[in-house]
Amino acid sequence: MKKIRNWAHTTLCRPKDIFYPQTEEEIVDIVKICNANRTPLKVVGKAHSYNDIFCAGEEGIVVSLKKFDRIEHIDYEKKCVTVQAGIDIPRLIKRLKPHGLSLKNLGTNIFDNIAGACSTGYHGSGMNFGIFSTDVVEMEVVTPAGEKKRIRREDEAFKAYGTGLGMLGIIIRVTLQCEPFYKLEVVEKRMKLEEIEAQFSTLLQENRHFKFIWIPHTDHFMVWLANKTDKSESSFLKKLYTYGFIGVVVNNFLHEALLFLASFNRKLVPKINRFMSRILLPAEGEEARSVYASHWAFFLPHVLKQDVVEYAFNIEETFDVFREIIEMIKTKKIYVDTPIEVRFVKKDDFWMSPTQGEDVCFIGTKIHFPLMRRPEYFRYFSLIDQILLKHRGRPHWGKQFRITTEDFRRNYPHWDKFWAFADKEDPNRIFQNRFSKQLRGE
Ligand SMILES: Cc1cc2nc3c(=O)[nH]c(=O)nc-3n(C[C@H](O)[C@H](O)[C@H](O)COP(=O)(O)OP(=O)(O)OC[C@H]3O[C@@H](n4cnc5c(N)ncnc54)[C@H](O)[C@@H]3O)c2cc1C
(Lines give C-alpha, C1' and ligand atoms only; values in the text may rest on other atoms or scores of the structure.)
Protein backbone atom coordinates (compact mmCIF):
# COMPACT_ATOMS: atom_id res chain seq x y z
CA MET A 1 0.00 0.00 0.00
CA LYS A 2 1.19 3.54 -0.80
CA LYS A 3 1.93 5.99 2.00
CA ILE A 4 2.15 9.75 2.38
CA ARG A 5 3.31 11.22 5.66
CA ASN A 6 3.05 14.93 6.37
CA TRP A 7 6.13 17.00 7.25
CA ALA A 8 5.41 16.94 10.98
CA HIS A 9 4.77 13.16 11.01
CA THR A 10 1.37 13.76 12.60
CA THR A 11 -0.62 12.33 9.67
CA LEU A 12 -0.18 9.16 7.63
CA CYS A 13 -2.35 8.63 4.53
CA ARG A 14 -2.62 5.23 2.89
CA PRO A 15 -4.40 5.81 -0.42
CA LYS A 16 -5.09 3.00 -2.86
CA ASP A 17 -2.74 4.67 -5.34
CA ILE A 18 -0.69 7.80 -6.00
CA PHE A 19 -0.45 9.28 -9.51
CA TYR A 20 2.05 11.77 -10.90
CA PRO A 21 0.45 13.15 -14.09
CA GLN A 22 2.66 15.15 -16.46
CA THR A 23 0.06 16.66 -18.76
CA GLU A 24 -3.28 18.42 -18.51
CA GLU A 25 -4.92 15.57 -20.43
CA GLU A 26 -3.73 13.03 -17.86
CA ILE A 27 -5.10 15.18 -15.04
CA VAL A 28 -8.48 15.52 -16.77
CA ASP A 29 -8.63 11.75 -17.40
CA ILE A 30 -7.89 10.93 -13.75
CA VAL A 31 -10.63 13.29 -12.57
CA LYS A 32 -13.18 11.97 -15.07
CA ILE A 33 -12.47 8.33 -14.19
CA CYS A 34 -12.63 9.01 -10.44
CA ASN A 35 -15.86 10.96 -10.85
CA ALA A 36 -17.46 8.22 -12.97
CA ASN A 37 -16.49 5.60 -10.36
CA ARG A 38 -17.10 7.86 -7.36
CA THR A 39 -13.55 7.23 -6.23
CA PRO A 40 -12.30 9.71 -3.61
CA LEU A 41 -9.57 11.92 -5.10
CA LYS A 42 -7.23 14.43 -3.45
CA VAL A 43 -4.22 16.41 -4.58
CA VAL A 44 -1.19 16.62 -2.33
CA GLY A 45 1.17 19.58 -2.53
CA LYS A 46 4.25 19.24 -0.29
CA ALA A 47 2.25 17.66 2.59
CA HIS A 48 3.30 20.51 4.86
CA SER A 49 -0.15 20.81 6.41
CA TYR A 50 -0.24 19.58 9.99
CA ASN A 51 -3.57 17.78 9.50
CA ASP A 52 -5.04 15.30 7.00
CA ILE A 53 -6.54 17.88 4.64
CA PHE A 54 -4.80 16.23 1.62
CA CYS A 55 -5.70 12.60 2.42
CA ALA A 56 -8.13 10.63 0.25
CA GLY A 57 -8.84 7.64 2.50
CA GLU A 58 -7.93 4.00 1.86
CA GLU A 59 -10.27 3.67 -1.11
CA GLY A 60 -9.06 6.92 -2.63
CA ILE A 61 -6.48 8.15 -5.11
CA VAL A 62 -3.93 10.87 -4.39
CA VAL A 63 -2.48 12.98 -7.19
CA SER A 64 0.79 14.88 -6.95
CA LEU A 65 1.48 17.50 -9.63
CA LYS A 66 5.22 17.57 -8.93
CA LYS A 67 5.90 16.57 -12.56
CA PHE A 68 3.59 19.32 -13.81
CA ASP A 69 5.70 22.27 -12.73
CA ARG A 70 6.81 24.47 -15.62
CA ILE A 71 6.78 28.25 -15.88
CA GLU A 72 4.55 28.83 -18.90
CA HIS A 73 4.57 32.57 -19.38
CA ILE A 74 6.02 35.76 -17.96
CA ASP A 75 4.28 39.05 -18.63
CA TYR A 76 7.16 41.49 -18.11
CA GLU A 77 4.96 44.56 -18.38
CA LYS A 78 2.45 43.44 -15.74
CA LYS A 79 5.11 41.53 -13.76
CA CYS A 80 2.97 38.41 -13.72
CA VAL A 81 4.03 34.81 -14.05
CA THR A 82 1.85 31.88 -15.15
CA VAL A 83 2.94 28.52 -13.77
CA GLN A 84 1.77 24.94 -13.83
CA ALA A 85 0.32 24.33 -10.40
CA GLY A 86 2.78 21.63 -9.33
CA ILE A 87 5.68 24.07 -9.01
CA ASP A 88 6.98 24.69 -5.52
CA ILE A 89 8.04 28.02 -4.11
CA PRO A 90 11.86 27.44 -4.11
CA ARG A 91 11.85 26.42 -7.76
CA LEU A 92 9.65 29.36 -8.68
CA ILE A 93 11.91 31.82 -6.82
CA LYS A 94 14.97 30.38 -8.59
CA ARG A 95 13.34 30.57 -12.01
CA LEU A 96 12.04 34.12 -11.47
CA LYS A 97 15.40 35.54 -10.40
CA PRO A 98 17.03 35.66 -13.89
CA HIS A 99 13.92 37.58 -15.02
CA GLY A 100 14.39 40.16 -12.26
CA LEU A 101 11.19 39.17 -10.42
CA SER A 102 10.33 38.14 -6.84
CA LEU A 103 7.23 36.97 -5.00
CA LYS A 104 5.49 39.73 -3.08
CA ASN A 105 5.29 38.10 0.32
CA LEU A 106 6.02 34.74 1.96
CA GLY A 107 5.62 32.92 5.25
CA THR A 108 8.54 31.40 7.15
CA ASN A 109 8.15 28.07 5.33
CA ILE A 110 9.19 28.81 1.76
CA PHE A 111 9.01 25.20 0.54
CA ASP A 112 5.26 24.86 -0.12
CA ASN A 113 3.68 24.04 -3.41
CA ILE A 114 1.98 27.02 -5.07
CA ALA A 115 -1.49 25.42 -5.25
CA GLY A 116 -1.18 24.06 -1.70
CA ALA A 117 -0.41 27.59 -0.48
CA CYS A 118 -3.42 28.92 -2.43
CA SER A 119 -5.71 26.31 -0.87
CA THR A 120 -4.99 26.76 2.84
CA GLY A 121 -4.66 30.51 3.40
CA TYR A 122 -0.85 30.44 3.58
CA HIS A 123 0.38 33.83 4.79
CA GLY A 124 3.32 35.92 5.91
CA SER A 125 3.16 39.09 7.99
CA GLY A 126 2.66 42.76 7.13
CA MET A 127 -0.37 44.99 7.05
CA ASN A 128 -0.05 45.72 3.32
CA PHE A 129 -0.35 42.04 2.42
CA GLY A 130 -3.17 39.54 2.38
CA ILE A 131 -2.88 35.75 2.34
CA PHE A 132 -0.99 34.21 -0.60
CA SER A 133 -4.11 33.89 -2.81
CA THR A 134 -4.53 37.68 -2.84
CA ASP A 135 -1.50 37.70 -5.18
CA VAL A 136 -3.24 35.37 -7.63
CA VAL A 137 -4.52 37.10 -10.76
CA GLU A 138 -6.10 34.03 -12.32
CA MET A 139 -6.26 30.28 -11.87
CA GLU A 140 -7.31 27.42 -14.04
CA VAL A 141 -8.92 24.35 -12.49
CA VAL A 142 -10.14 20.96 -13.58
CA THR A 143 -13.56 20.79 -11.94
CA PRO A 144 -14.76 17.57 -10.24
CA ALA A 145 -16.73 16.87 -13.45
CA GLY A 146 -13.48 16.96 -15.43
CA GLU A 147 -14.04 20.31 -17.16
CA LYS A 148 -11.42 23.03 -17.42
CA LYS A 149 -12.43 26.38 -15.94
CA ARG A 150 -10.62 29.73 -15.71
CA ILE A 151 -11.31 31.88 -12.69
CA ARG A 152 -10.14 35.46 -12.50
CA ARG A 153 -9.51 37.35 -9.27
CA GLU A 154 -12.56 39.56 -9.88
CA ASP A 155 -14.97 36.64 -10.51
CA GLU A 156 -17.51 35.79 -7.79
CA ALA A 157 -16.31 32.14 -7.89
CA PHE A 158 -12.81 33.26 -6.83
CA LYS A 159 -14.31 33.92 -3.40
CA ALA A 160 -14.59 30.13 -3.11
CA TYR A 161 -11.38 29.16 -4.92
CA GLY A 162 -9.24 31.76 -3.07
CA THR A 163 -9.27 29.39 -0.07
CA GLY A 164 -10.70 26.25 -1.64
CA LEU A 165 -9.20 23.74 0.87
CA GLY A 166 -8.59 21.36 -2.04
CA MET A 167 -12.33 20.60 -2.13
CA LEU A 168 -13.22 22.19 -5.48
CA GLY A 169 -11.22 20.23 -8.06
CA ILE A 170 -7.60 20.40 -9.16
CA ILE A 171 -5.87 23.73 -9.66
CA ILE A 172 -3.69 23.20 -12.72
CA ARG A 173 -2.43 26.68 -13.54
CA VAL A 174 -1.86 29.85 -11.51
CA THR A 175 -1.00 33.39 -12.62
CA LEU A 176 0.71 35.28 -9.84
CA GLN A 177 1.38 38.97 -9.44
CA CYS A 178 5.10 39.41 -8.75
CA GLU A 179 7.27 42.46 -8.21
CA PRO A 180 10.72 43.51 -9.34
CA PHE A 181 13.46 41.62 -7.48
CA TYR A 182 13.98 43.29 -4.08
CA LYS A 183 16.05 43.03 -0.95
CA LEU A 184 14.82 43.41 2.60
CA GLU A 185 16.66 44.85 5.55
CA VAL A 186 15.66 42.84 8.61
CA VAL A 187 15.84 44.43 12.05
CA GLU A 188 15.37 42.30 15.15
CA LYS A 189 15.18 43.92 18.57
CA ARG A 190 14.03 43.14 22.06
CA MET A 191 11.12 45.28 23.27
CA LYS A 192 8.84 45.03 26.28
CA LEU A 193 5.26 43.99 25.57
CA GLU A 194 4.04 47.37 26.86
CA GLU A 195 6.37 49.13 24.40
CA ILE A 196 5.14 47.01 21.50
CA GLU A 197 1.56 47.84 22.46
CA ALA A 198 2.28 51.56 22.84
CA GLN A 199 3.99 51.71 19.42
CA PHE A 200 1.69 49.20 17.75
CA SER A 201 0.15 51.37 15.02
CA THR A 202 3.55 52.86 14.10
CA LEU A 203 5.16 49.42 13.93
CA LEU A 204 2.33 48.21 11.72
CA GLN A 205 2.10 51.22 9.45
CA GLU A 206 5.72 52.24 9.07
CA ASN A 207 7.13 48.82 8.24
CA ARG A 208 6.51 46.71 5.16
CA HIS A 209 6.66 43.58 7.36
CA PHE A 210 6.25 43.36 11.12
CA LYS A 211 5.72 40.53 13.57
CA PHE A 212 6.66 39.83 17.17
CA ILE A 213 7.37 36.81 19.34
CA TRP A 214 7.36 35.93 23.02
CA ILE A 215 9.65 33.30 24.54
CA PRO A 216 7.38 31.55 27.08
CA HIS A 217 8.51 31.48 30.73
CA THR A 218 10.68 34.57 30.14
CA ASP A 219 9.95 38.29 29.85
CA HIS A 220 11.67 38.36 26.45
CA PHE A 221 9.70 39.70 23.50
CA MET A 222 11.29 40.34 20.13
CA VAL A 223 10.09 42.49 17.26
CA TRP A 224 10.97 41.51 13.65
CA LEU A 225 10.80 44.26 11.03
CA ALA A 226 11.64 44.03 7.33
CA ASN A 227 11.75 46.85 4.82
CA LYS A 228 12.91 47.23 1.23
CA THR A 229 16.45 48.48 0.85
CA ASP A 230 19.13 49.21 -1.76
CA LYS A 231 21.92 48.38 0.71
CA SER A 232 24.22 45.58 -0.33
CA GLU A 233 23.41 42.07 0.82
CA SER A 234 24.97 40.69 3.97
CA SER A 235 28.00 38.54 3.20
CA PHE A 236 27.80 34.85 2.34
CA LEU A 237 29.56 34.08 5.63
CA LYS A 238 26.91 35.96 7.57
CA LYS A 239 24.20 34.08 5.70
CA LEU A 240 25.93 30.79 6.48
CA TYR A 241 26.26 31.78 10.14
CA THR A 242 22.64 32.99 10.46
CA TYR A 243 20.89 30.18 8.60
CA GLY A 244 23.37 27.32 8.87
CA PHE A 245 24.90 27.70 12.32
CA ILE A 246 22.32 29.68 14.32
CA GLY A 247 19.22 28.59 12.36
CA VAL A 248 19.95 24.89 11.90
CA VAL A 249 22.72 23.85 14.32
CA VAL A 250 21.73 25.93 17.35
CA ASN A 251 18.00 26.56 16.92
CA ASN A 252 17.25 23.07 15.68
CA PHE A 253 19.90 20.47 16.61
CA LEU A 254 21.10 21.91 19.96
CA HIS A 255 17.52 22.85 20.84
CA GLU A 256 16.37 19.34 19.96
CA ALA A 257 19.01 17.75 22.21
CA LEU A 258 18.01 20.00 25.12
CA LEU A 259 14.30 19.39 24.60
CA PHE A 260 14.95 15.66 24.42
CA LEU A 261 16.26 15.92 27.99
CA ALA A 262 13.24 18.02 28.92
CA SER A 263 10.92 15.36 27.54
CA PHE A 264 11.82 13.36 30.69
CA ASN A 265 11.30 16.36 32.94
CA ARG A 266 9.21 19.20 31.50
CA LYS A 267 10.24 21.47 34.39
CA LEU A 268 13.51 22.01 32.48
CA VAL A 269 11.65 23.88 29.72
CA PRO A 270 11.78 27.37 31.31
CA LYS A 271 15.56 27.04 31.81
CA ILE A 272 16.04 25.89 28.20
CA ASN A 273 13.87 28.76 26.93
CA ARG A 274 15.95 31.30 28.87
CA PHE A 275 19.18 29.76 27.57
CA MET A 276 18.01 29.69 23.93
CA SER A 277 16.65 33.21 24.22
CA ARG A 278 20.04 34.49 25.43
CA ILE A 279 21.74 32.87 22.42
CA LEU A 280 19.19 33.74 19.75
CA LEU A 281 17.77 37.15 20.66
CA PRO A 282 19.67 40.45 20.54
CA ALA A 283 20.60 41.74 24.00
CA GLU A 284 18.42 44.36 25.69
CA GLY A 285 18.91 47.74 23.98
CA GLU A 286 20.70 46.22 20.96
CA GLU A 287 19.36 45.32 17.54
CA ALA A 288 20.49 42.87 14.88
CA ARG A 289 20.46 44.04 11.25
CA SER A 290 20.90 42.06 8.06
CA VAL A 291 20.12 42.50 4.38
CA TYR A 292 18.96 39.60 2.22
CA ALA A 293 17.11 38.86 -1.00
CA SER A 294 13.45 38.91 0.10
CA HIS A 295 12.90 35.12 0.21
CA TRP A 296 15.92 34.63 2.48
CA ALA A 297 14.62 37.37 4.77
CA PHE A 298 11.23 35.62 5.16
CA PHE A 299 12.73 32.17 5.62
CA LEU A 300 13.18 30.44 8.99
CA PRO A 301 14.86 27.01 8.89
CA HIS A 302 12.61 24.30 10.39
CA VAL A 303 14.14 20.93 11.11
CA LEU A 304 12.80 20.02 14.55
CA LYS A 305 9.37 18.39 14.17
CA GLN A 306 6.47 20.03 15.93
CA ASP A 307 2.71 20.40 16.10
CA VAL A 308 1.12 23.80 15.68
CA VAL A 309 -2.04 25.78 16.40
CA GLU A 310 -2.57 29.11 14.64
CA TYR A 311 -5.72 31.25 14.70
CA ALA A 312 -6.65 34.62 13.22
CA PHE A 313 -8.49 37.34 15.22
CA ASN A 314 -9.65 40.81 14.62
CA ILE A 315 -6.51 42.91 14.89
CA GLU A 316 -8.09 45.07 17.62
CA GLU A 317 -7.95 42.05 19.95
CA THR A 318 -4.24 41.32 19.54
CA PHE A 319 -3.07 42.27 23.01
CA ASP A 320 -6.16 41.03 24.90
CA VAL A 321 -5.81 37.55 23.41
CA PHE A 322 -2.07 37.50 23.76
CA ARG A 323 -2.17 38.49 27.45
CA GLU A 324 -4.83 35.85 28.10
CA ILE A 325 -2.54 33.18 26.61
CA ILE A 326 0.42 34.35 28.71
CA GLU A 327 -1.76 34.25 31.84
CA MET A 328 -3.12 30.79 31.01
CA ILE A 329 0.40 29.38 30.54
CA LYS A 330 1.39 30.78 33.93
CA THR A 331 -1.67 29.74 35.91
CA LYS A 332 -2.07 26.27 34.38
CA LYS A 333 1.70 25.66 34.61
CA ILE A 334 2.06 24.51 31.01
CA TYR A 335 5.57 24.09 29.70
CA VAL A 336 5.65 25.69 26.27
CA ASP A 337 8.96 25.10 24.53
CA THR A 338 8.87 27.45 21.51
CA PRO A 339 8.23 31.13 20.84
CA ILE A 340 4.63 32.23 20.40
CA GLU A 341 4.43 34.22 17.20
CA VAL A 342 2.08 37.08 16.32
CA ARG A 343 1.71 38.04 12.64
CA PHE A 344 -0.53 40.50 10.82
CA VAL A 345 -2.50 40.06 7.60
CA LYS A 346 -4.79 42.32 5.58
CA LYS A 347 -8.41 41.32 5.04
CA ASP A 348 -9.80 39.68 1.89
CA ASP A 349 -13.13 38.45 0.54
CA PHE A 350 -12.59 34.68 0.23
CA TRP A 351 -15.44 32.78 1.89
CA MET A 352 -13.23 30.34 3.82
CA SER A 353 -10.35 32.64 4.54
CA PRO A 354 -9.42 33.19 8.20
CA THR A 355 -8.85 36.79 7.10
CA GLN A 356 -12.22 37.23 5.39
CA GLY A 357 -13.74 40.64 6.08
CA GLU A 358 -11.32 41.93 8.71
CA ASP A 359 -7.65 42.77 9.22
CA VAL A 360 -6.27 40.17 11.56
CA CYS A 361 -3.48 39.10 13.81
CA PHE A 362 -2.51 35.43 13.57
CA ILE A 363 -1.32 33.95 16.86
CA GLY A 364 0.60 30.71 16.45
CA THR A 365 2.02 28.40 19.09
CA LYS A 366 3.87 25.09 18.80
CA ILE A 367 5.09 22.15 20.85
CA HIS A 368 8.21 20.35 19.65
CA PHE A 369 8.78 16.61 19.23
CA PRO A 370 12.49 16.21 20.11
CA LEU A 371 13.84 13.06 18.44
CA MET A 372 10.18 12.23 17.80
CA ARG A 373 9.31 12.08 21.52
CA ARG A 374 5.95 13.79 21.96
CA PRO A 375 5.27 15.53 25.23
CA GLU A 376 1.65 15.69 26.31
CA TYR A 377 0.39 18.77 24.51
CA PHE A 378 -3.30 18.18 23.82
CA ARG A 379 -4.26 19.82 27.11
CA TYR A 380 -2.34 22.94 26.05
CA PHE A 381 -3.84 23.03 22.58
CA SER A 382 -7.36 22.50 23.99
CA LEU A 383 -6.90 25.39 26.43
CA ILE A 384 -5.57 27.53 23.58
CA ASP A 385 -8.56 26.57 21.42
CA GLN A 386 -10.92 27.72 24.20
CA ILE A 387 -9.26 31.14 24.50
CA LEU A 388 -9.06 31.60 20.78
CA LEU A 389 -12.69 30.64 20.22
CA LYS A 390 -13.83 33.04 22.93
CA HIS A 391 -12.36 35.79 20.75
CA ARG A 392 -14.01 34.50 17.56
CA GLY A 393 -10.74 33.02 16.29
CA ARG A 394 -10.54 31.32 12.89
CA PRO A 395 -7.96 28.54 12.53
CA HIS A 396 -5.33 28.27 9.80
CA TRP A 397 -6.51 25.41 7.54
CA GLY A 398 -3.07 23.84 7.36
CA LYS A 399 -2.67 23.59 11.14
CA GLN A 400 -4.30 21.90 14.13
CA PHE A 401 -7.66 22.72 15.70
CA ARG A 402 -10.31 20.91 17.66
CA ILE A 403 -13.44 22.99 17.20
CA THR A 404 -16.98 22.15 16.17
CA THR A 405 -19.04 22.80 13.06
CA GLU A 406 -21.14 25.26 15.05
CA ASP A 407 -18.00 27.24 15.98
CA PHE A 408 -16.97 27.34 12.34
CA ARG A 409 -20.43 28.38 11.20
CA ARG A 410 -20.51 31.17 13.78
CA ASN A 411 -17.06 32.49 12.86
CA TYR A 412 -17.22 32.09 9.09
CA PRO A 413 -20.20 34.10 7.78
CA HIS A 414 -20.01 32.35 4.39
CA TRP A 415 -19.61 28.81 5.76
CA ASP A 416 -22.87 27.39 4.32
CA LYS A 417 -22.39 29.22 1.02
CA PHE A 418 -18.96 27.61 0.55
CA TRP A 419 -20.19 24.05 1.21
CA ALA A 420 -23.24 24.55 -1.00
CA PHE A 421 -20.87 25.68 -3.77
CA ALA A 422 -18.58 22.68 -3.15
CA ASP A 423 -21.55 20.27 -3.31
CA LYS A 424 -22.86 21.90 -6.50
CA GLU A 425 -19.44 21.59 -8.19
CA ASP A 426 -18.89 18.09 -6.84
CA PRO A 427 -22.25 16.33 -6.35
CA ASN A 428 -20.46 12.97 -5.89
CA ARG A 429 -18.22 14.60 -3.29
CA ILE A 430 -15.11 12.88 -4.66
CA PHE A 431 -12.90 15.76 -3.43
CA GLN A 432 -14.36 15.70 0.07
CA ASN A 433 -12.65 13.58 2.68
CA ARG A 434 -12.45 12.77 6.38
CA PHE A 435 -11.16 16.30 7.03
CA SER A 436 -14.18 17.93 5.35
CA LYS A 437 -16.59 15.51 7.05
CA GLN A 438 -15.16 16.51 10.39
CA LEU A 439 -15.51 20.19 9.54
CA ARG A 440 -19.11 19.65 8.44
CA GLY A 441 -19.94 17.51 11.49
CA GLU A 442 -20.91 14.51 9.36
C1 LIG B 1 7.67 23.99 9.15
C2 LIG B 1 6.41 24.63 8.65
C3 LIG B 1 6.29 26.02 8.67
C4 LIG B 1 5.11 26.62 8.20
N5 LIG B 1 5.04 27.98 8.14
C6 LIG B 1 3.92 28.56 7.64
C7 LIG B 1 3.84 29.99 7.52
O8 LIG B 1 4.79 30.71 7.80
N9 LIG B 1 2.66 30.52 7.07
C10 LIG B 1 1.60 29.73 6.75
O11 LIG B 1 0.55 30.28 6.40
N12 LIG B 1 1.67 28.38 6.83
C13 LIG B 1 2.80 27.79 7.25
N14 LIG B 1 2.86 26.42 7.34
C15 LIG B 1 1.72 25.63 6.91
C16 LIG B 1 1.82 25.16 5.46
O17 LIG B 1 2.95 25.73 4.89
C18 LIG B 1 0.58 25.50 4.70
O19 LIG B 1 -0.52 24.81 5.22
C20 LIG B 1 0.71 25.22 3.19
O21 LIG B 1 -0.30 25.88 2.56
C22 LIG B 1 0.69 23.78 2.77
O23 LIG B 1 1.20 23.70 1.44
P24 LIG B 1 1.52 22.29 0.80
O25 LIG B 1 2.04 22.51 -0.55
O26 LIG B 1 2.33 21.47 1.69
O27 LIG B 1 0.03 21.70 0.68
P28 LIG B 1 -0.52 20.32 1.24
O29 LIG B 1 -0.38 20.34 2.72
O30 LIG B 1 0.05 19.19 0.51
O31 LIG B 1 -2.06 20.46 0.85
C32 LIG B 1 -2.86 21.47 1.40
C33 LIG B 1 -4.19 21.55 0.67
O34 LIG B 1 -3.96 22.02 -0.67
C35 LIG B 1 -4.64 21.16 -1.57
N36 LIG B 1 -3.95 21.20 -2.85
C37 LIG B 1 -2.64 21.04 -3.09
N38 LIG B 1 -2.41 21.14 -4.43
C39 LIG B 1 -3.61 21.35 -5.02
C40 LIG B 1 -4.03 21.54 -6.36
N41 LIG B 1 -3.18 21.53 -7.39
N42 LIG B 1 -5.34 21.75 -6.60
C43 LIG B 1 -6.24 21.76 -5.59
N44 LIG B 1 -5.89 21.60 -4.29
C45 LIG B 1 -4.59 21.39 -4.01
C46 LIG B 1 -4.60 19.80 -0.90
O47 LIG B 1 -5.57 18.92 -1.45
C48 LIG B 1 -4.89 20.20 0.53
O49 LIG B 1 -6.27 20.38 0.68
C50 LIG B 1 4.03 25.81 7.76
C51 LIG B 1 4.17 24.41 7.74
C52 LIG B 1 5.35 23.83 8.16
C53 LIG B 1 5.48 22.35 8.11
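Note that the structure is a prediction, hence the values are computed from the model and not measured. (Residues numbered from 1 in each chain as written. Predicted model: local features only at pLDDT ≥ 70, side-chain atom pairs only at ≥ 80, totals over all residues.)

### Description of the site of the ligand
The environment of the ligand is made up of 33 residues, and the closest members are Gly-45, Gly-107, Gly-116, Gly-166 and Gly-398. For the shell around the ligand, the secondary-structure elements that each account for two or more residues are β4 (41-44), α3 (114-120) and β11 (170-180). A per-element tally of the shell around the ligand places α3 first, with five residues. Among the residues making up the shell around the ligand, the classes are represented as 15 nonpolar, 15 polar and three charged. Two domains each provide a minimum of three residues to the shell around the ligand, namely domain 1 (4-64) and domain 2 (71-181). (Near = placed C-beta within 6 Å. Helix = DSSP H or I, 4+ residues; strand = E, 2+ residues; numbered from the N terminus. Nonpolar A, V, L, I, M, F, W, Y, C, P; charged D, E, K, R; others polar. Domains from an automatic or database assignment.)

### What about the pairing of strand β10 (residues 148-152)?
The pairing of strand β9 (residues 136-142) with β10 spans five bridges and is classified as antiparallel. The partner of Glu-138 across the bridge, within β10, is Arg-152. Counted along the chain from β9 to the antiparallel partner β10, the turn is five residues long, and its residue Gly-146 has a positive phi close to 90 degrees. (Pairing = 2+ DSSP bridges.)

### Points about the sheet that holds strand β5 (residues 61-64)
Strand order across the open sheet formed by three strands is β3-β5-β4, with parallel pairing between neighbours. Taken across any chain shown, the strands that pair with only one partner, and hence form the sheet edges, are β3 (17-19) and β4. On average, adjacent strands in this sheet sit at an angle of 30 degrees to one another, irrespective of strand direction. Direction of pairing for β4 relative to β5: parallel, over a ladder of four bridges. Across the sheet, the residue bridging to Val-44 is Ser-64, located in β5. (Axes fitted to C-alpha atoms, helices over the stretch in contact; angles between N-to-C directions.)

### Re helix α13 (residues 415-425)
An α-helical segment advances 3.6 residues per turn. Residues three or four places apart therefore align on the same side. For α13, the set of buried residues is Phe-418, Trp-419, Phe-421, Ala-422 and Glu-425. Buried residues of α13 fall within an arc of 155 degrees about the axis and therefore sit on the same side. Opposite the buried face of α13, by more than 90 degrees, sit the exposed residues Asp-416, Ala-420 and Lys-424. Lining the buried residues of α13 we find α4 (158-161) and α14 (434-440). (Buried ≥ 20, exposed ≤ 12 C-beta atoms within 10 Å, placed from the backbone. Arc of directions from axis to C-beta. Contact = placed C-beta atoms within 7 Å.)

### Describing the packing of helix α7 (residues 236-262) against helix α8 (residues 269-280)
Remark: α7 packs on α8, axes separated minimally by 10 Å, with the N-to-C direction vectors making an angle of 165 degrees. Taken together, the axes of α7 and α8 are roughly antiparallel relative to one another. Note on packing geometry: the crossing formed by α7 with α8 is right-handed. Together, Ile-246, Val-250, Asn-251, His-255, Leu-258, Leu-259 and Ala-262 of α7 and Val-269, Ile-272, Met-276, Ile-279 and Leu-280 of α8 make up the contact between the two elements. For the contact of α7 with α8, the class distribution of residues is 10 nonpolar, two polar and no charged. (Parallel < 35°, antiparallel > 145°, perpendicular 65-115°, else oblique. Left-handed = near helix turned anticlockwise from the far one by under 90°.)

### Details of the nonpolar core
Ile-114, Val-141, Ile-170, Ile-171, Val-174 and Ile-363 are the most contacted members of the largest nonpolar core, which totals 110 residues. Sequence-distant contacts of Ile-170, defined by excluding residues within four places in its chain, comprise Ile-27, Val-31, Val-43, Val-63, Val-141 and Val-142. (Core = buried A, V, L, I, M, F, W, Y, C linked by C-beta atoms within 7 Å.)

### So, the domain arrangement of the protein
As a measure of interface size, the accessible area lost when the parts come together is often cited. Domain boundaries in the protein define domain 1 (4-64), domain 2 (71-181) and domain 3 (183-395). Facing 24 residues of domain 2, the contacting portion of domain 3 comprises 26 residues. Residue composition of the side of domain 2 that touches domain 3, by class: eight nonpolar, 15 polar and one charged.

### Observations regarding the sheet that holds strand β14 (residues 221-229)
Sheets are built from strands that pair by backbone hydrogen bonding, the pairs being arranged parallel or antiparallel. The strand order β15-β12-β14-β13-β17-β18-β16-β19 describes an open sheet built from eight strands, whose pairing is antiparallel. Both outer strands of the open sheet, β15 (287-293) and β19 (394-395), are each paired with one neighbouring strand and no more. Pairing geometry for strand β16 (residues 306-314) and strand β18 (residues 360-368), over nine bridges, is antiparallel. Note on β18: the bridge partner recorded for Tyr-311 is Ile-363.

### Some remarks on the packing of helix α10 (residues 318-331) against helix α11 (residues 378-390)
Two elements in contact, α10 and α11, have axes whose closest approach is 10 Å; the angle formed by their N-to-C orientations is 150 degrees. Taken together, the axes of α10 and α11 lie roughly antiparallel to each other. You can see that α10 and α11 cross each other, and the crossing is right-handed. Touching Val-321, Glu-324, Ile-325 and Met-328 of α10 are Leu-383, Ile-384 and Ile-387, all from α11. Of the residues that constitute the contact of α10 with α11, the class distribution is six nonpolar, no polar and one charged.

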